[in-house]
Amino acid sequence: MSDGAPRTAVRRSVVTRVLWSYAFVVLAFSLVAGWSALGLRQAAEEAALMRTGYYPLALVVRDLAAKQDIYNSQLNHITAARNPADLRVWFDFALRIGRPKMFGQVRSAIGRAFLASGERNARVLGESLLADVSAIERFFSGDAERLSRLFDAIERRDEASAERLRDELVTRGSQGSSSLSRLQDRVDEEIDRLLDQARGREYLAIRLLIGLFAISLLSGLAMALYARRVLRPLGAVTERAKAVAEGDLEPRPPIVSGDEIGELSTTFEGMVSAIARANEQLVANERLATVGKMAAHVTHEIRNPLSSIALNLELLEDDLEGSSAEARTQLRAIGSEVERLNLLSQQYLAFARQKSSNLAEEDLADLVRESAEFVRRELAKTDVVLEVHTDDALGPVAIDEGQIKQVLFNLLRNARDAMPQGGTVRVWVRAVDAEAEIVIEDEGPGLGADARARLFEPFFTTKQHGTGLGLAITRQIVEAHGGRIEFSDREPHGARVSLRLPRPAASDRPPASSTELRGEEPSGSGAPQVATAGSNRS
Ligand code: ADP
C-alpha cells in the first residue's frame, strides 16, 4: 500500500532564498562601492580641470590686466619721455607681439577650462567668455595706429596733437583695463561658482555614501535576520527529532514553510506515523502470537476428544440403527457440529502454525481452473454460478500450490457467503506487466465500512459461524509469496478482490504476447474505497 505523508511542493527553496538575500546584500554593497568609485573619479577630474583649466585661465587674465596697467602708466608719461624712440620700440612690441600672444593664451585657457568640458553649461559659459575676450581685443585693435600717429606728432614736436592723441589713448587704455578687470572678475566668479558646485557635489557624495553605507548595513542586518527566520523551522524539526528519539510518536502537524524544511518536516512526520504504525503492528502481532499459541494449545487439546466423540458417534449410529427418526436426526446434528468444530480447530492450527511457503514454478491458470472445479459443486448448492476466464499466455508463476489453493478456496467461499440468494462469481487470471493477477468479483452487497477497515484482522468476522481467520491466513500466504491483495467495492454492488503475485523476470519466461483473456475484462476497481494488504512493492 502506498501510504505515507503527503508530499508538499517546494515553492521557494532555502538555497534560493539565501542566494537572493546574498544577492541583495551584494547589490547594496556594489552600489556603495560603485558610487564611491564614481565620486572619486569625478573629484579627480575636477581637480585636473582646476589645475589645467581654471587656474591657468585666472592667472593669464590677471597677467593681461597687469600688463594693461603697465601699458596705461607708460602712456601717461609718453609725451614727457626723454627717449621717445626707445619707448616706440617697447610699445610696438607690446601691441604687435605681447598683447596678441596674451589674448591667445586667454583663448586657449578658456578652451581647456570650458569648451572641452562635457557639461553643456560650462561650454555655453566658455563661449560667452570668448565673445567678451574678442570684444576687448577688437576694442584694442585701433591702438597701434593711434600710437604710431602719437609718436609721429612727438617727433614733429606737435605737442597739441601729441597731447590730444595721448589723452585719447589713456582714456581708451583705462576703458580697456576696466573691461579686462570685468573679465577677470567674471572668470574669478565662475571659478568660485564651479568650486562651490564641486564642494556641493562632494557634500552630496559624502551624504549619499553615508546613506548607502547605512542602507547596506541595514540590508545586511535584515538579510541575516531573514536567513535566521528561514532556518528557524530547522530548529523545530531538530527538537521534534529529539522528542521522537525519546519515544514521542504522537502525530503532530508538519511545519508549513513552502521550502525543503517544510518538505523535510512533512516527510519526517510521515516517517513518525509509519514508525507508530509499525510499533502498533508489532504489539498486535505479539499479542496475536500469544493468542495463537494459546489457541493452538487449546485446539490441540480438544482435537483428540473430538476424534473420539466422532468415532463414538459413528458407533452410536450403528447401535441405534432402526431407532426413532428423531434420535437419528439429533445424532446427525451432533455429528455436523462435531465436524464444524473439527474444521474450526484445523483453521486455528493452520493460522497458528503457518508453514513457510515452498515455492515452485507452476501454471497458475491451470491451478485456478482446478480450484474452481473443486468448489463449483459446493457453490452450486446455494445457486452460485462460477465463471472462470484464463490467460493462456500467462506462463509459470512461482507459488506454493497448496497455499494458493487455500487462498482461492477462502476467497471463493467468501464470495459465495456474500450471495446467500445465489448469483455469479467471475474469476480472471492474467498477466499484468511483471505480475500475475487473479481477480474475483461477486454480486453480493460489497464490503461495509467496518469490514473494509478490519478485513485482514484475525478473528474479525460478520458471519454467525465465521472464524475470522480466512483473510488473515490469505494475507499471510500472499505476503509470503511477495504479492499483495486488494479489496474494493463494485458498482452498483458487489466486491472485487485483486490478488497480484510476482512473475519471473521477462527474460526468464516464455514470450507472453498479450494479456488476452478468455471472456470479458474484469470491471476494474470501480469504487475508490479499497482495502489492501501485502508486500509494499511501489
Ligand atoms: P470469515 O469468512 O470466517 O468471516 P474471513 O477472514 O474470510 O473470515 O472474512 C472476514 C470478513 O470479511 C467476513 O466476515 C466478511 O464480513 C468480510 N468479507 C470477506 N469477503 C467478502 C465478500 N466477498 N463480500 C463481502 N464481505 C466479505
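Scroll up a little and you will see the structure.
Let me sum up the structure you'll find in this document. Bear in mind the structure is a predicted one, so any value in this text is a computation, not a measurement.

1. Observations regarding helix α1 (residues 14-76)
Structurally, the α-helix is built with 3.6 residues per turn, so residues lying three or four positions apart point the same way. With 63 residues, α1 extends 90 Å between its outermost C-alpha atoms, agreeing within 8% with the 93 Å of an ideal straight helix rising 1.5 Å per residue. Approximately 45° is the largest bend angle found in α1, and it occurs at M50.

2. Some thoughts on a negative patch on the surface
Among the surface-exposed residues, E314, E317, D318, D319 and E321 lie close enough to one another that they form a single negatively charged patch. Among the secondary structure elements, E321 is positioned in the loop between α6 (260-319) and α7 (325-352). Using a relative accessible area of 63% as the deciding quantity, one classes E321 as exposed.

3. Re the site of the ligand
In the neighbourhood of the ligand, 17 residues make up the surrounding shell, with D442, T461, T462, K463 and L471 lying closest. N414 is positioned such that a nitrogen or oxygen atom in its side chain is 2.9 Å from an oxygen atom of the ligand. T467 has a polar backbone atom sitting 2.9 Å from an oxygen atom of the ligand. Compared with its free state, where it exposes 540 Å², the ligand has 91% of that area covered by protein. A per-class count over the shell around the ligand returns seven nonpolar, eight polar and two charged.

4. Considerations on the pattern of salt bridges
Applying the stated criterion across every chain yields a total of 39 salt bridges. D132 is the salt-bridge partner of R186, the closest N and O atoms lying 2.6 Å from each other. Highlighted residues: R186 in helix α5 (residues 159-245) and D132 in helix α3 (residues 120-140), separated in sequence by 54 residues. On the basis of relative accessible area, D132 is assigned to the partly exposed category, the value being 30%. Several salt bridges converge on common partners, so that one network encompasses R99, D143, R146, E168 and R172.

5. Section: the packing of aromatic side chains
All chains considered together, the criterion is met by seven aromatic pairs. Where Y71 meets F91, the ring centres are 5.3 Å apart and the plane angle is 75°; that geometry is what we call edge-to-face. A residue pair is termed long-range when its members are at least 10 positions apart, and Y71 in helix α1 and F91 in helix α2 (residues 84-115) qualify at 20 residues. Residue Y71 shares its accessibility class with F91, and that shared class is buried. Between F91 and F151, the ring centres sit 6.2 Å apart and the planes meet at 55°, which makes this aromatic pair tilted. One end of the pair, F91, is in helix α2; the other, F151, is in helix α4 (residues 143-155), with 60 residues separating them in the sequence. Here the two residues F91 and F151 agree in accessibility, since each one is buried. In this structure, R99 is placed above the aromatic ring of Y71, and the distance from its NZ or CZ to the ring centre is 4.7 Å. Sitting over the face of the ring of F140, R99 holds its NZ or CZ atom 3.8 Å from the ring centroid.

Scoring rules and cut-offs
Residues numbered from 1 in each chain as written. Predicted model: local features only at pLDDT ≥ 70, side-chain atom pairs only at ≥ 80, totals over all residues. Heavy atoms only, no water. Helix = DSSP H or I, 4+ residues; strand = E, 2+ residues; numbered from the N terminus. Expected span 1.5 Å × (residues − 1). Bend = angle between axes of the 7 residues up to and from the residue. Patch = residues over 30% accessible without salt bridge, like charges linked within 9 Å, V, L, I, M, F, W, Y side chains within 5 Å. Areas by Shrake-Rupley, 256 points an atom, 1.4 Å probe, with all protein chains shown as cover. Salt bridge = Lys/Arg side-chain N within 4 Å of Asp/Glu carboxyl O. Lys, Arg positive; Asp, Glu negative; His and termini not counted. Charge placed at Lys NZ, Arg CZ, Asp CG, Glu CD. Buried < 20%, exposed > 50% of the residue type's maximum accessible area, 1.4 Å probe, protein only. Near = heavy atom within 4 Å. Polar contact = N/O pair within 3.5 Å; in protein donor to acceptor, adjacent residues only side chain to side chain. Nonpolar A, V, L, I, M, F, W, Y, C, P; charged D, E, K, R; others polar. Phe/Tyr/Trp six-rings, centres within 6.5 Å; stacked < 30°, edge-to-face > 60°. Lys NZ or Arg CZ within 6 Å of the ring centre and 35° of its normal.

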